[in-house]
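# Structural description and commentary
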Amino acid sequence: MNALQEMLFRLCRAPGAAGREDGAAEVARKELAFLPEVKIDTLGSVVASFGDPNAKTHILLDAHLDQIGMVVTSIDEKGFLKVAPDGGMDRRVLPGSRVVVYGRETLNGIVCCLPPHLTDGGEDKVPDITDMAVDVGLSKEEAGSLVQPGDMVLVPGEPRRLLGSRVTGAALDDRAGCAVLIRCAQLLQGEDLHCRVSLLLSAREELDSQGARTAAFREEPDMAIVVDVSFAQQPGVPAHESGKLSAGPMIGVSPILDKGITNTLRRLAKEQEIPFQMEVMGGRTGTNADGINGSRGGVPCGLVSIPQRNMHTPAEICDLEDMENTARLLAAFIREVEA
């Protein structure tokens, strides 16, 4: 578990908002260096392949590499940075939060927060992100020499181990899924596989799954399994709409997901004594499966999710046991297909 944790933490510490995944992609490339073929494609996705390159069956495993963030849009007359969301940032956590601005230099900043004494009873009202400002402590001229529109802004959340096998930090959505794919490849290392496997750590999931859509079109897989995070039970989250931390991966059921892949995942989990949960959705999944499924002539997709609390905040929580069991389930699926 410690090796999985350290690999996850290295991935989470690397900056990589949607469309700006360079730092995270380079770390992921190094983590996959034990595989024979690793590349970074045009949009910034990391693609690695192993198994039999001439096999009839080609399986794509996907997890998205990008994290939520913001971009600088302008600098006002007093040196405050105006920003816009890059992905589904939860604006409720921003006022008063520390941020990191990746300009010509890396700068620390604070999202301005109006004192409650001046809110006229509006403490419960959170302004739009485009109405917020970041204070980096510089004049307009000083800020302009170090920051320009389009620079990436992230809310840092140093990854930490909690009690038991749980971890917290920013970017666990979906660096946890990326770590699972890498761990799956480690579990299969040295085995004589009779299928081709492509690992896709895709860019731009927060931007309409652009990385997954384009890579799936190029790679032409016969089937795919997407690994993402999904809601774990906590106060305010209905039990019937969420999974449980430490109870295993959540196998997705949806009209867009392939029933055969779903049933195989469920059967293998039972046979391998891997704890699992079912997640039923009425239509789109909100993951890269929605885009991969419609690539070229169609790609049968499965979905396995890691339970997570506090999604889209700098204090996301996942369980390392859930991640290890997800990797084991994927490895069992690949062995089943090639057999």
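For the structure, see preceding data.
These notes cover the structure that comes with them. Remember, it's a predicted structure, so these values are computed and weren't measured experimentally. Throughout this document, residue positions are counted from 1 along each chain, in the order its sequence is written. The predicted nature of this model means local features are confined to residues of pLDDT at least 70 and side-chain atom pairs, given and counted, to a pLDDT of 80 or more, with totals for whole chains, interfaces and linings taken over all residues. Values shown for side chains rest on all heavy atoms present in the structure; no hydrogens or waters enter the calculation.

### Brief notes about the sheet that holds strand S6 (residues 98-102)
Our working definition: At least two DSSP bridges between two strands are required for those strands to pair. In this description a helix means any DSSP run of H or I spanning at least four residues, a strand means any run of E spanning at least two, and both kinds are numbered starting from the N terminus. Working convention: axes come from line fits to C-alpha atoms, limited for helices to the stretch in contact. Angles between N-to-C directions cover 0 to 180 degrees.
Around the barrel, which closes on itself, the 6 strands sit in the order S4-S5-S8-S7-S6-S9 with antiparallel pairing between neighbours. Across this sheet, the average inter-strand angle for adjacent strands is 45°, counted without regard to direction. Both S6 and strand S9 (residues 152-154) contribute to a ladder of 3 bridges, which runs antiparallel. Looking at the pairing, valine 100 lines up with leucine 154 of S9.

### Concerning the environment of threonine 106
Rule in force here: A simple rule labels every residue: compare its accessible area, found with a 1.4 Å probe on the protein chains alone, to the largest value its type can have, and call it buried under 20%, exposed over 50%, or partly exposed in between. The contact criterion used is simple: two residues touch if any of their non-hydrogen atoms lie within 4.5 Å.
You can see threonine 106 is positioned in strand S7 (residues 106-111). Residue class for threonine 106 comes out exposed when judged on its relative accessible area of 56%. Along the sequence, threonine 106 and methionine 152 sit 46 residues apart, while their C-alpha atoms lie 10.0 Å from each other. Not counting the four nearest positions on each side in its chain, threonine 106 is found in contact with Val100 and Val101.

### Quick word on the sheet that holds strand S11 (residues 166-169)
Pairing is antiparallel in the open sheet, where 3 strands are placed in the order S10-S11-S17. The open sheet is flanked by strand S10 (160-161) and strand S17 (316-319), the only strands paired with a single partner. Sheet analysis places S10 next to S11, joined by 2 bridges and oriented antiparallel. What sits directly across from arginine 161, in S11, is valine 167. Helix H4 (residues 172-188) rests against S11 and S17 of the sheet, and its axis sits at about 25° to S17.

### Concerning unusual backbone geometry
The amide bond that connects aspartate 173 to the next residue, aspartate 174, takes the cis arrangement and shows omega of 10°. Here aspartate 174 is to be found in helix H4. We note that arginine 204 has phi near 60°; this positive angle belongs to a residue other than glycine. Structurally, the position occupied by arginine 204 is in the loop between strand S12 (196-202) and helix H5 (210-219). A relative accessible area of 22% places arginine 204 in the partly exposed class. Phi is positive for aspartate 208, close to 60°, though the residue is something other than glycine. Looking at where aspartate 208 falls in the secondary structure, it is placed in the loop between S12 and H5.

### Some remarks on the packing of helix H1 (residues 2-13) against H4
Which entries qualify depends on this criterion: We call two directions roughly parallel when the angle between them is under 35 degrees, roughly antiparallel when it is over 145, roughly perpendicular when it lies between 65 and 115, and oblique otherwise. Crossing chirality is assigned from the near helix's rotation relative to the far helix, an anticlockwise turn below a right angle marking it left-handed and a clockwise turn marking it right-handed. Under this grouping Gly is polar, as are all residues other than the nonpolar Ala, Val, Leu, Ile, Met, Phe, Trp, Tyr, Cys and Pro and the charged Asp, Glu, Lys and Arg.
Where H1 meets H4, the axes come as close as 9 Å, and the angle between the chain directions of the two elements is 135°. In terms of their interaxial angle, H1 and H4 are classed as oblique. Classified by chirality, the crossing of H4 by H1 is right-handed. Every residue of H4 that contacts H1 at Leu4, Met7, Leu8, Leu11 and Cys12 is listed here: Leu172, Arg175, Ala176, Cys178, Ala179, Ile182, Arg183 and Gln186. Considering only residue class, the contact of H1 with H4 consists of 10 nonpolar, 1 polar and 2 charged.

### Points about the nonpolar core
Rules: Take the buried residues of types Ala, Val, Leu, Ile, Met, Phe, Trp, Tyr and Cys, join any two whose side-chain atoms come within 4.5 Å, and each joined set is a nonpolar core.
In this structure, Leu8, Leu61, Leu199, Leu201, Met323 and Ile334 are the most contacted members of the largest nonpolar core, which totals 57 residues. The greatest single-element share of this core, amounting to 10 residues, is contributed by H4. The contacts of leucine 201, once residues within four sequence positions are left out, are Ala28, Leu32, Ser45, Val46, Ala63, Leu65, Cys178, Leu181 and Ile182.

### Structural notes on the pairing of strand S13 (residues 223-231)
A large share of S13 lies buried, amounting to 8 of its 9 residues. Sheet topology note: the strand S3 (residues 58-64)/S13 ladder contains 4 bridges and is parallel. Counterpart to leucine 60 in the pairing with S13 is alanine 224. Of the strand pairs in this sheet, S13 and strand S16 (residues 301-308) are connected by 8 bridges, and their pairing is parallel. The residue of S16 that forms the bridge with alanine 224 is cysteine 301.

Keep in mind these numbers describe shape, not what the thing actually does.
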